[in-house]
Amino acid sequence: MKIVTKLFFGLMACAFVSCRDTVRAPEPIYPVPTPAQVAWQKMETYAFVHFGLNTFNDLEWGYGDTPAETFDPTDLDAEQWVRIIQAAGFKGIILTAKHHDGFNLWPSKYTEYSVKNSPWREGKGDMVRDLVDACRKYGLKFGLYLSPWDRNHAEYGGPEYVEYFHNQVRELLNEYCDSVELFEYWFDGANGGDGYYGGAREKRSIDPTTYYRYEQAVESIHSKFPDAMIFGGTEPTIRWVGNEEGWAGETDWAPYKVGDNPHYGSPDGTQWLPAECDVSIRPGWFYHPREDHQVRTLSHLVDIYYRSVGRNATLLMNFPVALDGRIHSLDSARIMEWRQALDEQFRTDLLEGIVPAASDIRGRKFGAERMTDGRWESYWATSDSVTTASVTFRFDTLTNLNRLLLQEYIPLGQRVSRFGIEYLDSLDNWRPVETPDTMSTIGYKRIIRFASVATKGVRVNFLQSRGPLCINNIEAYHAPVLMVEPTIRRTGQGVVSIGAVPGAEIRYTTDGTTPTLVSPVYREPFEWAAPGEVRAIVIDPVLGTISPVATRKFDIPTAAFRVVKPAKPRTEVIFDGNPTTVWYLSLEEGRELIFDLDRPRMLTGLTYTPDMSRWGSGPVSKYRIYVDGRKAAAGEFSNIKANPVEQTVVFSEPISGRRIRFVVEATADEAPQAAFAEVTVLTE
Ligand code: FUL
C-alpha cells in the first residue's frame, strides 16, 4: 500500500513538474525592444571618426567658409582606421560624412563644397568610398553622420536646403551602402544659428521638429536598412545620454518618455530608447596637435567602459583622425592598452558552469542554471507573482572577487529596479559587498565594481522588479588592480603635487624627458614655477610594473595675476590652479574681465577653463581678447556647452603687454553669468 501511495504521489509530482515544464514565458512588460535594437545593443562598443575640413583648420565647428582646398591629408588610409578599431574590439564605425561646416567627404553631385574641390588625390578622392570598402574588407559594420545643420549652404533655413539634405541622405544610401551593413545613422542636434550660408554670414533659426522632415529621411533609411538605428531627429530609435563624457546614469532605464532625464530614462517610459554614450578619446572631436598630450588616460578610458557598457548603454568612442589621414599613434597605442586592460579585467568568469540555487523558479525551462550556461537566449525566470528573489552561488574554495556582471533578458522588457550583492565570508557570515555603486537597474548589462572579497559564495538579492524576474546571465571576476598613471597638479603659486594610489612609488621629470626607474622619486609637493612639462610614472614596488606616463604642460604661474575689473571678491580663484573653484562674471553688470599680469610679458595666447562640473553653467562661447588695449584675438569656443574642457586661444602673432581685457560676447547656454574656473596665459 505504501508503495502504491508513493507511486501515486510520484506520478502526481511528475505530472506537476511536466505541467510546470510547459509553463509559458513571462508576459512582456512594455515597452520592449525590437530585435534590431537588441542586436544593436549587443554590439556594445563601436567607434566614431571625426575628420574633415575642421581637421585642417584646427576647428571644432567650422563656420562654413573655410576653403575646400584646405582639405589635404597626405597619407590617408581608411584601412588603418579599420584595423585599429577592429583590433580594439569595436564592432562598427560611424563617419562624419558631413559636419556642421557643410563640407562633404564624398564627391556629392549636389554641391561643390566637397573633396572633389580639394587637392587630395587631385580632387578624385572619396573618403566615404574608402571607408565603405575598408569596412567590407574587414567585416566591420558601417554608420553615417550627416549633420542637418549646414553652415555653408546658401539656402539653409528655406525649403531648397531640405531637398538638398534629403538628396544627400539618398545619395549616400544608394551610391555607397549596398556593399556594407549600415547599422546607424546619426542626425546631430546641434544648431548654433549663425554661419556663412553662401556668403550671407548671418543667424538663421529653424524649428528642428518640423524643418528637416526627418520622417522622410528615416523612411529612406529604413526602406533600405530596416534594422539601422536612428540617432537624433524626430524618430530616433536610440537616445543621446545627455553628455559627451561617456557616462550613463547608474540608474539607467531603456524605457524613456519625453521630459525624462536622458542619463536615467524611467520605468514608466513609453518608448524603448536605450542610451548611447558618445565620447572622444581626446578633449576635442576633431584633431588638434595641441591635444596630443591630452589623450584620455587608460584609467579614465577603462572607467568610461564601466560607466557606459556597464550601465546598460552602448559606448561610441571617437577617434579624431590626424592631419595625415591616419589615427594618431598615441591614440592607437592607448586604445590597444585599453583593450588589453579590459581583457584582463574580464579574463576568467568565476561563475561559469556553477548552478546557483534560486529562491523561486518558474519551471524547468526557466531554471537557475540558465544564468550560467553561456547562452543569451536562455534565462532564469520566476513565477508570475514573484518579483523579489535571490540566487546563491557557492564555491568549493575561498575565491577572490571584485566584479559582478548581470544581464536581464530584455526582449521581455526591463524589470529590475533594486538589487543587492552579498558574499559569504570565511566565518560563514553573509555580508554586503562594499561599493559606491547604486544597485538599481540592470537592463541589457550591468557591471558592479566592489572591494575585493575572499569568499565562499555570492548571492544576488533582487529586491524590486516591475514583474517576474528574467535574468539570462550572471558572471563574476577578480579584476587586477590597474596601474594608473598619476595625476599632476600645480597651484597658482607654482607648487607641483603628484598623486597616485597609496603604496605606489612615483618618479618624475621636469625637463620634458620620459621618466624611468632611475628618475627622481616624488615624496612631497615641490616648487617649480618654470614654464615646461612635468611627467610622472607610478611603479608597483612589488611587481616592478610601470604605469603609463602622465604629462602636464604648464606656463608661468598665475597667482600674481590680479583682476582689476570688476572689483569683486573671490576673483583670485581664477588664478589658483584649481579648476574646481569657479568665479562667475555677472553679464548684466558688465561683459568684461580685466586683469593684470605680474609684469609685461610677450604673450602668444591664453587658456580659458569653464565650469567643468556636471551641472556647470555659463561657458563662454564667444569672446574678444585685448592686450594693453590692442586686439589680440576674437572667436568662438565651439561645442563648449556639450564638452566643457580647457580651451586654448593662440594669438595670430605674439603681443607684448601686461593688461588683459577678456570680453564675453556670449555664453553657450545663454546664462546671464560667465563662468571662469581658470585663466592662464601662454608666453613665448
Ligand atoms: C556634437 C557636435 O556638435 C560635435 O561637433 C560632435 O560632432 C559631437 C559628436 O556631436 O553635438
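Residues numbered from 1 in each chain as written. Predicted model: local features only at pLDDT ≥ 70, side-chain atom pairs only at ≥ 80, totals over all residues. Heavy atoms only, no water.

Draft legend 1. Representation of the sheet that holds strand β22 (residues 505-509) in the model. On the basis of which strands lie adjacent, the open sheet formed by three strands has the order β22-β24-β25 and antiparallel pairing. Edge positions in the sheet fall to β22 and β25 (550-554), since each of these pairs with one other strand and no more. Within the sheet, the average angular offset between the axes of one strand and its neighbour, ignoring direction, is 20°. (Pairing = 2+ DSSP bridges. Helix = DSSP H or I, 4+ residues; strand = E, 2+ residues; numbered from the N terminus. Axes fitted to C-alpha atoms, helices over the stretch in contact; angles between N-to-C directions.)

Draft legend 2. Up close: the sheet that holds strand β7 (residues 229-231). Taken in spatial order, the eight strands make up an open sheet running β7-β4-β3-β2-β1-β12-β11-β8, and their pairing is parallel. Each having just a single partner strand, β7 and β8 (239-240) make up the two edges of the open sheet. Sheet analysis places strand β2 (residues 92-98) next to strand β3 (residues 141-146), joined by six bridges and oriented parallel. Within the sheet, the bridge partner assigned to Ile94 lies in β3 and is Gly143.

Draft legend 3. Inspection of unusual backbone geometry at higher detail. Along the chain, Tyr30 connects to Pro31 via a cis peptide bond; the corresponding omega equals 0°. The residue Pro31 is located in the loop between α1 (2-21) and α2 (35-43) in this model. The omega torsion across Lys565 and Pro566 is -5°, close enough to zero to call that bond cis. With respect to the helices and strands, Pro566 occurs in the loop between β26 (562-565) and β27 (583-586). Here Asp58, not a glycine, exhibits a phi torsion of approximately 55°, which is positive. With respect to the helices and strands, Asp58 occurs in the loop between α3 (53-57) and α4 (78-87).

Draft legend 4. Molecular detail of the pairing of strand β20 (residues 487-490). Burial along β20 is one-sided: the face carrying Ile488 and Arg490 is buried and the face carrying Thr487 and Arg489 is not. Pairing of β20 with strand β21 (residues 495-499) involves four bridges; the strand directions are antiparallel. Directly across from Arg490, in β21, lies its bridge partner Val496. Linking β20 back to β21 in an antiparallel pair, the connection comprises four residues, with Gly494 at a positive phi of about 95°. (Buried < 20%, exposed > 50% of the residue type's maximum accessible area, 1.4 Å probe, protein only.)

Draft legend 5. Main features of the domain arrangement of the chain. Considered domain by domain, the chain is made up of domain 1 (35-345), domain 2 (357-477), domain 3 (487-554) and domain 4 (562-682). Counting residues at the interface gives 21 residues for domain 1 and 23 residues for domain 2. In this assembly, domain 1 packs against domain 2 so that about 1900 Å² is buried in total across both faces, 53% of it on carbon and sulfur atoms. Of all residues in domain 1, Glu250, Trp253 and Tyr306 give up the largest surface area on contact with domain 2, accounting jointly for 31% of the area buried on that side. On inspection of domain 1 and its partner domain 2, the count reaches two salt bridges. A salt bridge links Arg449 to Asp303, with the nearest nitrogen and oxygen atoms 2.9 Å apart. (Domains from an automatic or database assignment. Contact = heavy atoms within 4.5 Å. Buried area = accessible area lost by both parts, 1.4 Å probe. Salt bridge = Lys/Arg side-chain N within 4 Å of Asp/Glu carboxyl O.)

Draft legend 6. Geometry of helix α7 (residues 214-224). Inspection of α7 places Tyr214, Ala217, Val218, Ser220 and Ile221 among the buried residues, and these make up the whole buried set. Down the axis of α7, the sector holding all buried residues measures 155°, keeping them to one side. Those residues of α7 that are exposed and angled more than 90 degrees off the buried face are Glu219 and Ser223. In this structure, the buried side of α7 is in contact with α6 (159-176), β4 (182-186) and β7. (Arc of directions from axis to C-beta.)

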